[in-house]
Structures are given as structure tokens and as C-alpha cells.
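Coordinate analysis (summary)
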Amino acid sequence: MSKIVSNLNYRVKNILRASIACFFIIIFLTGDLMATHIRASEIILRRTSNTTLEYEIEVIGYTDSGSDILFGGGKLTVGSTLYEGFEVTRIPIDAEKQIVFNSFKVVHTFSNPGWFTIGYREENRNEGVLNMFNSVETPFYVETNILIDPAFQLNNSPVLLVPPVDLGAIGSKFIHNPGAFDPDGDSLAYRLTIPRQSRDTTVFGYVPPNDPQFYTDFPRGNEAQSDEPKFTIDPITGDLEWDAPGQQGEYNVAFIVEEWRLIQGTWFLQGEVVRDMQIIIEESDNERPEITPPPDLCVEAGTLIEEIIEADDPDGHPVILEAFGGPFEFLTSPARFTPNPPVPQESPGFMTFTWQTNCSHVREAPYDVILKATDEPFRNEGPPLAEFASWSIQVVAPRPTGLTTTLQPGSAISLNWDPYECSNANRIQIWRRVDMFDIALDSCLTGMPGGAGYELIDVVDIRQTDYLDDNQGFGLAAGANYCYRIVAEFAQPGGGESFVSDEACTIMLADAPIPTNVSVLNTSETEGEMLVRWMEPFEIDQALFPPPYTYEVFRSEGLSGTVNRTSLGITADTVLIDTLLNTVENPYNYQVELIDATGQKVDTSAVASSVWLEPTPLVQSIELTWQAEVPWSNNVQDFPQHFIFRNNTNPNNPAEFAQIAVQNVNLFGFRYLDDGTHNGQPLDDETTYCYFITTQGSYGNPLIDEPLQNNSQVVCSQPNDEIAPCTPVGFRLDENFDCESFLADQVCQFSNFSNRLVWEEDLSPECDDDVRSFNIYFSADGTEESFELVATVTESEFTHTGIPSFKGCYRVSAVDRSGNESELSETVCNDNCPFFQLPNVFTPNNDGFNDTFFPFAESDGSNPEDRSLCPRFVKTVFLQVFDRSGNRVFEYDSTEDAERSIFIEWPGKTSSGSELPAGVYYYVADVTFDVLDESKAEQQTTGWVHIMK
């Protein structure tokens, strides 16, 4: 038998060899009858409607004019829709190099939102591409992917403005930039891919153009002859560089242009355009021209940009200057360059760029202008070479004007401003802070700069020119100098913000108590103390609310809110020491209510909290951050310094606190890194360091003393170390557990599986004693790469619940206070205890008892629910039943469909459904079990069964 099989295999192999040979003979004999023409291609999508999902799809192809085959004979797939037969525009662009531009368009309406692939496939590529197998018989396929989702608003694909067929020279760096522009203002990214011949299939035999086979001296194949040649694309600029080509000929490469949109701080991929392009390399001693781009610009909309761009050729050849990019694509007021059409100029050549910007050009992302200089070598001096340069232009919106503020009744301030001059803006942002703050603006700092202490309080429609600020109904703080600025905001996807407006301020009347201090005097879990101080209302109408005044002080837990709000009683003083607090774990906020001489409750102060300080341990350092919710400002231009105090500065008195730093919060925020630089002594990870902060603030009111100084609570922390703890020892499963004994008392349907693990921390002298937790890793099959973290616990035991069986393997590690993790322990595994047994008799007489043959047998006939006989951990059953003559009368495979189970439930009939007579039958059952132990995974059981009727 084996000899027959061997001869058959030999004959099949020879038939296959002959068939393949004939196939390639036919291919090569008929090559001139097939399409052999496509050099490069890409697909561009443009949304044509704001109300429907209609798109114009443009397929662009560059072909070899030496072929009689015309572009456009392929198939365009849009999702599940197929298009064929296109009206193609053809424009010869280089007769010498035989390059023709082709384009056709299809209008398609998508039926629903989603992610769609638009692909075009046509046969075939042009002949002779070096870096793939048999290009003349290789189909050309490109695709564009796009997300259509109303949640992301309108979306167009990027447009690639620089043609995708370029020339290069052996030994000279080749540069190409697609000149990608996204009409929606999305951010673009670039990555290499492999040319394709169908949607999911790359071309056969592709190698990158810098493959060693194309070089005689690969280790020195770059332009400088100092290193291996590189083929890369810059993910940000899109510059495709091949440094440097090594062999004359045609090469095809492909890259993807991705478009990303920023929505509420998260980047979302909107689409991808694949460009499959051709690079033609020739012998040449020619050198690339050099181009000098202007400095990057940031201009206010309405500015006229006029720049001169110069290019020079090292060989003295004439140069041609061109420019591509988004500024040239606008229908109204596009950018222009001259001379246009481009013409050869004696080196150096010059190009004038002109752009009258306006509000329609405002967007968040800058515009990239791609400048291209191409030389014109003299006859027989090689191909023209090109150099690219990127020039960035940011167009920003003008600042809103005319902002004024007016004090209003009800502790409110009204704002008014001029109608905004850019009608395409979307909203006005309203920003507020206490006390004046000068903002030094540079030419490209748009929106509200960080560190100015302003808070965004609202956003209104761009057509609105007024606003009432009453602090969301809670009223503004008495005596505070409230300052406002506004910013114009432009809608996504382009986005963008204006320069910030000038500042407008108004001081509130001091007609209510004015908190000035909430300062921690003592840090303790039970004996904490807080200093609370306020000013009396010095601008109140005393005729309506006669003095003398008393005050009721209320305390709540937290920086804000009314958790555990408590009255601290009534006092005639303006200072209070609050005691018996847990200042270790809680910040507190306070509010003061004014009571006049008649006992009338007049008004309440703004809420003011204590300063809450938090440490974050790092390696050899501790980072401090602090915050407070107060009606004054804690970042003031006149008093920007906050003071940091720490112990362990005096070796003779480690408990003594000393000032170690002064932090300018206007420049660096409410954050300080203590790395020991204040005294040149790095922090020791074995030492606990304690800190408190003194803040400085102001109401910006000349009638209120400043600065207002308040202390935080004291916090302590230990720097992290970089030494991992020792691995736990004695890692094991619960030794008291036995699978069979445990399941003997459980119902057959038991599914509440769990594994209990125990271990000990390694307390050897060489091990650090700073273990804080343990990580438990689990693998269902025990393979090294499949272990996953399933729990982190603080005790030296863990019970793994919610698992489908007992089968699985575990490892444990220790984690110290610094987050260092030990090596994993040895693996311990638990396994299932499988069981499967078939009975010897059943009675298919339809009396409702023992009518079918199934693997749940009785031990003695009196207990049909003997749990020791439950089938356990069975995955599949393949059963064959034979009569006394050895004829197979029944077959059952539990894997054949979803409704079949391992319980078989054979009613005593043949596989065709005929009843079998009473008697003894023999069976073979092949069973697979769900176990780790491969030796127990498969079991063949043979036996007999008596059908009784």
C-alpha cells in the first residue's frame, strides 16, 4: 500500500511541474496581448454633499505611453459595489520618459456610515520593474480607506499634489515628497508599505530598492559612500529618501498617508491613502540642486505674504522651481507662485510666492508648502534631479476686541464685546481669573496660554456679544478683582483658536465676609489644627445691615462640597482655630455667614479650602503637587513664589524643617521636584522625607492686604529604589485539595471552580523588606508566552475564582513600594480529574426511565444520581456501536454540530433511524478530555451494552 501511495505522489508532482511550466510558457507567449502599462496610481475621495454621504472618487494613474493598452480597463470596488467602464482623461506629461497622466471619476453615495475600503485593480504593471518578480504580468492595485461617521463631521481623503513618477541618479540621494494636503485640516502621518496586486496580496518577489542585490559595494552604498544605503520615509514630513540608488532601472515603492483627527484630546484615524509610485534611476554625474526655503511663518489672517525662494545648482545647470500644498487649493484667495508655468532659469533661479490670507484660511494645523527645485542638465549628462524642501505657514485668527466688564446686582459681572470679524468662527471661549495677569504674546501663541491662571468658565455662540457671570448662580466672591479674556474658537475638523483678547477687570463689592486664610497649623490624624481667618465686609450698607457683626463658621471635608458640613458656632472675632481634625487624610473647606446686630443672617462668604499637598515618590527624588479651592488667586504676578519646606536638611536635627526651594508657580505650575539639587545631596531611598508648602495669593484688591500666605499639611514620603525584591518562596497549590474527592460531593453540573494558592515572602537578610503586594499570573495551557496578570494582592494567598475548570498554571512575583517587581516564581499547575463511563444496559421502551444510552450510569441500580459517575471535563466523544457480527450499526460524533453534546443519548436505533432489536452490542468510544497532561487527553473505551425491551 505505501508503495502505491509513493508512486501516486510522484506522478502528481510531475503533473504539477508540467502544468506550471506550461502556464509560464503561455504567459510569456501572450505577454504582448496583455496590459503592460501602469507605473503609479492613487485614489482620492472628496465629499460632495454636506447632507448626504455622496463622494466623488478620483482614480489617478500614470502609465507607460509605449504600451498600446490604455488605462481604465480595471475594476473599482467601493465597499461591496463594483464599477467598470470609465471615461478617462489622458494627458502626456513626459514624451521622452513615456509618462502619461490618467484620471477618471465616479460619484458614489454610501448607504450608511462606517469604515470603507475603495480599491482599484487593473492588469498590469509596466515591464521591467527591478524590485519585483515579472512586473509585466503583475496586476496593479491601490486602495484608499476612509471613515465616514457623522460623529467626526465631514471627512475627505488627503490630496497628493506632487506627481508619483520621479527620476534619480545612481549614487545620488533620491528625495520625493507627495505634497499631501488634507482639505479638512487633519494631521497627516506617513509609513512605508509593499506594493500590492490585489486587496490582500502583495506583489511577488518584492524587495526594497536598497536591497543588496542592486549594489556592487553595499556597505558603502549611500551618497557619502560611508554606510549602507537607506530607504526611509519621514513619518511627519512625508519626505521619502533613498540614500542612494545603486543600479539603473525602474523601481516601484509604496507608502501610506494617514489622516488623524484630534477630538477632545484623543487622536482618531480618519483614513489612509496608498500611493504606489515609480522611481526611474539612470547613470549620471549630475548633482542635485539646492533650495533655500524661507523661515517658517505664523501670520494673522489678513496678512499678505510675499516671499522670494531661491534655488542654486552646483553644476551650473538651469533650474525649475515649483511649489505645491494646501495654500494653492483654495477657491477664494489661493496662494500663487511665479513664474507659473515653471520655466528653466539660469542658476540661481528664483520663485515669488504670494498669498493674501483671510479668515477662511484659519485652522489649527499649519500649512505645509512643498518647494521643489529640478535641474535641467545638458544633453547626455544624465537625468534631471530634484530637491525638496518644506515650508510651514500657520494662519491664526485675530483677537476679539472691545471686551468690557460691568458690576451687576446679585454678585455678578456682565461682559460685552464687539462682533467677531471672522464669520467662519464657531464659538467664543470665556476665561476668568482673580487679579490681573499680563500675557506676553508671541507671533504664534493662540488661545489661552498655560500658566496664566485663567479658568475657562463658559463657551458661547460666535454671534453672541454679551455674557453674565454669576458663578453659575452661586455669586462671585466679595472683594475679589475678577479679570476676563475671550478667545474665538473655530469648528472642527480644521479647528483653530484666535489670539487671546485684552484683559478686562472689575472689583466686586466687599459686602460679605472675605476669607483670607485657611492654613494648617498642626498635621495629625486626631489632633490636627486649622487657622481660619476672614475680613469683615468693609463695603456693606450699614444702614440696612447695622453692626456690630457676628459670624457663623461652617466646615466641610474636602477641597469643595458639603461632605460632613458642620457649624463651628457663632463668634464676634474674625479668626478661628479649628481643632481635633484629621489633617493627615483630609483637606477642609470653610464658609463664613454674616449676622448683623438685629440677628438677621445677611450673606455668606465664598468657600475657601486648605492647601492639599501630595507627594509622588520617584527614583532618588520626590515630586510634590499642591492645590486649593479658594476665592483668591494663588498664582499672582507680584507674588509668584511658593515656599517649599522639608525636614532632613540639618544632620544635627533631622526633624527640623527648613526652606529648600522657592517655586515660581507662574512659570512652573503647582509642582516641585525635590531631587536634592538645593544642597547637592541626592535623596536616599532608605530615608523618609517630610514636606509642607506655603502658598502666596491675592484678591487683586488694593483694600485687601497681600500676599495671603497659607500652609499645607505635612506629608511624608520615601524615594523609590531600583532594586527588585526577592521572589516569593514556597509557592504552591492548597495541599489539602483533591480534585476527585472534592467533586464526589458535587452535582454533575458543578461549575464554581477555583484554585487556592499560598506562598511566603522571602525574608532572607539579602532581601529588601519593602514588599507591598504580589502579582499573580495565570496560563490556561502552561506555555511560557501565555501567562497573564490576573490579580494583585497584599496577602500571601490567593483564590482564583470564575475559571471554567481547575486546569491551569500559575506564577507569582513580589512588588515593592517603588513598583519594582521580582522575577517570577516557578510554575505550579493544577489539572482536571476527567471521568467518562458508559452503562451496560438501557431500556428504550419510552417509559421515561433509562430510555437512552448516555454516560451517566448507576452504581448499583438504586441511585441514578451517583455523583461519582458524573462525566467530568469531557471535550468530545466519538462513539461507534457494532452488532455481534461486527457490523457498525450506529455512529455519533459530538463535534458535528452545536446541538450535539457529549451525553450521546442514543435511543437504540441505527444511524439511519431504524430500531434495533434487543440484545448485546459492542461499542468503541474515543473521548478527549480537557486536561493539561497530554497523556490523559485522549482515551479509548471499549465495552458492551445490552438493549432490553
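1. Topic: the overall build of the protein chain
The secondary structure content of the protein chain amounts to three helices and 62 strands. Its C-alpha radius of gyration of 40 Å places the protein chain more than 25% over the 30 Å reference for a compact globule of 949 residues. Overall size of the protein chain, expressed as C-alpha extent along the three principal axes, is 120 × 100 × 60 Å. Looking at the protein chain as a whole, 49% of its 949 residues qualify as buried. A separation threshold of at least 6 residues defines the contact pool for the protein chain, and within that pool the share at least 24 residues apart is 68%. Here the protein chain has roughly 45,300 Å² of accessible surface; of this, 49% comes from carbon and sulfur atoms. In the protein chain, the 53 positive side-chain charges and the 144 negative ones have mean positions that sit 10 Å from each other.

2. Things to note about the state of the cysteines
Summed over all chains, the structure comprises eight disulfides. In this model C726 forms its disulfide with C767; the gap between the sulfur atoms is 2.0 Å. Measuring handedness by torsion sign, the sulfur bridge of C726 and C767 sits at about -95° and is left-handed. In this pair, C726 sits in the loop between strand 50 (715–717) and strand 51 (729–733) while C767 sits in the loop between strand 52 (753–760) and strand 53 (771–779), placing the two residues 41 residues apart along the sequence.

3. As for the sheet that holds strand 27 (residues 386–396)
Spatially, four strands are ordered 21-27-26-23 in an open sheet, and the strand pairing comes out mixed. Lying at the two open borders of the sheet, with one neighbouring strand each, are strand 21 (297–300) and strand 23 (319–325). Here the strands of the sheet are splayed against their neighbours by 25° on average, with no regard to which way each runs. Across four bridges, the pairing between strand 21 and strand 27 is parallel. The partner of C298 across the bridge, within strand 27, is Q394.

4. Quick word on the layout of surface pockets
Roughly 840 Å³ of internal volume is contained in the second largest pocket. In terms of lining residues, the second largest pocket is bounded by 27 residues, among which D94, L167, T374, E376 and P384 are the most central. Broken down by secondary-structure element, the contributors of at least two residues to the lining of the second largest pocket are strand 5 (89–94), strand 10 (165–169), strand 23 and strand 26 (367–375). Of the residues belonging to the lining of the second largest pocket, the class tally is 15 nonpolar, three polar and nine charged.

5. What about the sheet that holds strand 59 (residues 874–882)?
Strands sit in the order 58-62-61-59-60 across an open sheet of five strands; the sheet is mixed. Of all the strands in the sheet, the pair left with one neighbour each is strand 58 (841–842) and strand 60 (888–893). Of the pairings in the sheet, the one linking strand 59 to strand 60 comprises five bridges and is antiparallel in character. Residue V881 lies in a different strand from strand 60, and its bridge partner there is F890.

6. Considerations on the nonpolar core
Of all hydrophobic cores here, the largest spans 117 residues; its most connected members are F353, L371, W417, I430, Y482 and Y484. At six residues, the largest contribution of residues to this core is made by strand 27. Setting aside anything within four residues of it in sequence, one finds L371 in contact with I291, P293, P294, I309, E322, A323, M351, E387, F388, A389 and W391. Core analysis: the next-biggest nonpolar cluster, separate from the first, contains 24 residues, L838, A925, A937 and V945 among them.

7. Some words on the pattern of salt bridges
All chains considered together, the criterion is met by 39 salt bridges. Close ionic contact of R39 with D64 constitutes a salt bridge, the shortest N to O distance being 3.5 Å. One end of the pair, R39, is in strand 1 (residues 38–47); the other, D64, is in strand 2 (residues 54–64), with 25 residues separating them in the sequence. Take R39 and D64: they sit in the same class, and that class is buried. Among the charged side chains, a network of salt bridges with common partners joins R39, D64 and E250.

8. Notes on empty space enclosed by the protein
This model, assessed by the stated rule, comprises three cavities of 30 Å³ or more. In this structure, the largest cavity spans a volume of roughly 40 Å³. Together, L167, G168, A169, S172, K173, F174, I175, R288, L385 and A386 line the largest cavity. Broken down by element, the lining of the largest cavity gets its largest block of residues, three residues, from strand 10.

9. Brief notes about the environment of M351
Structurally, M351 is set in strand 25 (residues 349–356). On a C-alpha basis, the gap between M351 and P208 in space is 35 Å, while along the polypeptide they are 143 residues apart.

10. Digging into a negative patch on the surface
Together, E287, E290, E310 and D312 give the surface a local cluster of negative charge. With respect to the helices, strands and loops of the structure, E287 is situated in the loop between strand 19 (266–282) and strand 20 (290–292). Assessed through its relative accessible area of 43%, E287 is described here as partly exposed.

11. Quick notes on the environment of S885
The topology assignment puts S885 in the loop between strand 59 and strand 60. Taking relative accessible area as the criterion, S885 reaches 61% and is therefore assigned exposed. Along the primary structure S885 and G496 are separated by 389 residues, whereas in three dimensions their C-alpha atoms are 87 Å apart.

12. Considering unusual backbone geometry
With an omega of 10°, the peptide bond running from N340 to P341 counts as cis. With respect to the helices and strands, the residue P341 is situated in the loop between strand 24 (336–338) and strand 25. Following S347, the chain continues into P348 via a peptide bond in cis, with omega recorded as 0°. For P348, the position within the fold is in the loop between strand 24 and strand 25. The backbone of S411 shows a phi angle near 55°, a positive value even though the residue is not glycine.

13. Observations regarding the side chain of S157
By secondary structure assignment, the location of S157 is in the loop between strand 8 (140–148) and strand 9 (159–160). Judged by its relative accessible area of 1%, S157 falls in the buried class.

14. Let's talk about the packing of aromatic side chains
Given two aromatic rings, their pairing is described by the distance between the two centres and the angle made by the two planes. Counted according to the given criterion, the structure contains 40 aromatic pairs. Between the aromatic rings of Y55 and F110, the centroid separation amounts to 5.6 Å while the plane-to-plane angle is 85°, which identifies the pairing as edge-to-face. A residue pair is termed long-range when its members are at least 10 positions apart, and Y55 in strand 2 and F110 in the loop between strand 6 (99–109) and strand 7 (114–122) qualify at 55 residues. The two residues Y55 and F110 agree in class, both being buried. Judged by centre distance (6.3 Å) and plane angle (80°), the ring pair of W626 and F670 falls under edge-to-face. Taken together, the positions of W626 in strand 44 (residues 621–627) and F670 in the loop between helix 2 (665–668) and strand 47 (671–674) put the pair 44 residues apart, joining distant regions of the chain. Connected via pairs of aromatic rings, a cluster forms that spans F737, F742, F750, F753, F806 and F873. Across from the ring centre of Y367, 4.1 Å away, lies the NZ or CZ of R363, which sits over that ring.

15. Notes on the pairing of strand 10
With respect to burial, strand 10 is a largely interior element, five of its five residues being buried. Side chains of strand 10 alternate between two faces, with V165, L167 and A169 and D166 and G168 buried alike. Alignment of strand 10 against strand 19, held across five bridges, turns out to be parallel. Residue L167 lies in a different strand from strand 19, and its bridge partner there is I280.

16. Some details on the confidence of the model for the protein chain
The predicted model of the protein chain has a mean per-residue pLDDT of 91, with 95% of residues at 70 or higher. Low confidence marks residues 857–864, where pLDDT is under 50. Its contacts with residues over four positions away, or in another chain, come to ten contacts.

17. Section: the environment of P804
As for its placement among the helices and strands, P804 is situated in the loop between strand 55 (797–803) and strand 56 (808–816). Overall, the relative accessible area of 74% leaves P804 in the exposed class. The spacing of P804 and S751 is 53 residues in sequence and 6.9 Å in space, taken between C-alpha atoms.

18. With respect to the pairing of strand 27
Extensive coverage of strand 27 is indicated by the burial of ten of its eleven residues. In terms of strand pairing, strand 26 meets strand 27 through eight bridges, oriented antiparallel. Note that in strand 27 the partner of Y367 across the bridge is I393.

Conventions adopted
- Residues numbered from 1 in each chain as written.
- Predicted model: local features only at pLDDT ≥ 70, side-chain atom pairs only at ≥ 80, totals over all residues.
- Heavy atoms only, no water.
- Helix = DSSP H or I, 4+ residues; strand = E, 2+ residues; numbered from the N terminus.
- Rg over C-alpha atoms; globule rule 2.2 N^0.38 Å.
- Buried < 20%, exposed > 50% of the residue type's maximum accessible area, 1.4 Å probe, protein only.
- Contact = heavy atoms within 4.5 Å.
- Areas by Shrake-Rupley, 256 points an atom, 1.4 Å probe, with all protein chains shown as cover.
- Lys, Arg positive; Asp, Glu negative; His and termini not counted.
- Charge placed at Lys NZ, Arg CZ, Asp CG, Glu CD.
- Disulfide = S-S within 2.5 Å.
- Pairing = 2+ DSSP bridges.
- Axes fitted to C-alpha atoms, helices over the stretch in contact; angles between N-to-C directions.
- 1 Å grid on protein atoms, 1.4 Å probe; cavity = no way out; pocket = protein on both sides within 12 Å on 5 of 7 lines; lining within 4 Å.
- Points joined across faces, edges and corners; volume = space filled by probe spheres on them.
- Nonpolar A, V, L, I, M, F, W, Y, C, P; charged D, E, K, R; others polar.
- Core = buried A, V, L, I, M, F, W, Y, C linked by side-chain atoms within 4.5 Å.
- Salt bridge = Lys/Arg side-chain N within 4 Å of Asp/Glu carboxyl O.
- Patch = residues over 30% accessible without salt bridge, like charges linked within 9 Å, V, L, I, M, F, W, Y side chains within 5 Å.
- Phe/Tyr/Trp six-rings, centres within 6.5 Å; stacked < 30°, edge-to-face > 60°.
- Lys NZ or Arg CZ within 6 Å of the ring centre and 35° of its normal.
- pLDDT = per-residue confidence, 0-100.

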